[in-house]
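Residue strings, one per chain:
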Amino acid sequence: MGLNVKDTKDDYFEYLVSYIYDNEEFLQLTNLSPGEAGNIICILEKDLPNYYALGKTLKKMMGLENTFVLEE
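This write-up is about the structure you can find in this document. (Residues numbered from 1 in each chain as written. Predicted model: local features only at pLDDT ≥ 70, side-chain atom pairs only at ≥ 80, totals over all residues. Heavy atoms only, no water.)

Once that is clear, we can look at unusual backbone geometry. That bond from L48 to P49 is cis: its omega, 15°, falls within 30 degrees of zero. As for its position among the elements, P49 is in the loop between β3 (40–45) and α1 (55–62). Residues other than glycine seldom take positive phi values, yet D22 does so here, at roughly 65°. (Helix = DSSP H or I, 4+ residues; strand = E, 2+ residues; numbered from the N terminus.)

This brings us to the sheet that holds strand β1 (residues 15–20). Here three strands make up an open sheet; going across it, the order is β1-β2-β3 and the pairing antiparallel. Of all strands in the sheet, those with a lone pairing partner are β1 and β3, marking the two edges. In this sheet, adjacent strand axes meet at a mean angle of 30° when their direction is disregarded. Summarising the sheet, strand β2 (residues 23–31) and β3 pair through five bridges and their orientation is antiparallel. Paired with F26 across the bridge in β3 is E45. Helix-sheet contacts for α1 involve β1, β2 and β3, and the interaxial angle to β3 is about 135°. (Pairing = 2+ DSSP bridges. Axes fitted to C-alpha atoms, helices over the stretch in contact; angles between N-to-C directions. Contact = heavy atoms within 4.5 Å.)

Right, dumping it as structure tokens:
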């Protein structure tokens, strides 16, 4: 909540998790929402030796209990 939208189904930000050039340990979380696009929100530690970060790592870095991931 908080984007000041008329329909609550549109009350979210869009992010992209991507690799950081020449960094094998972390991924970056970048905002893609209009007006915020390009802002790097945080870096996420990979669950090594895997090539991904865990949802609990995202929640910890964002400081939110109610963080949800929608995969499309």
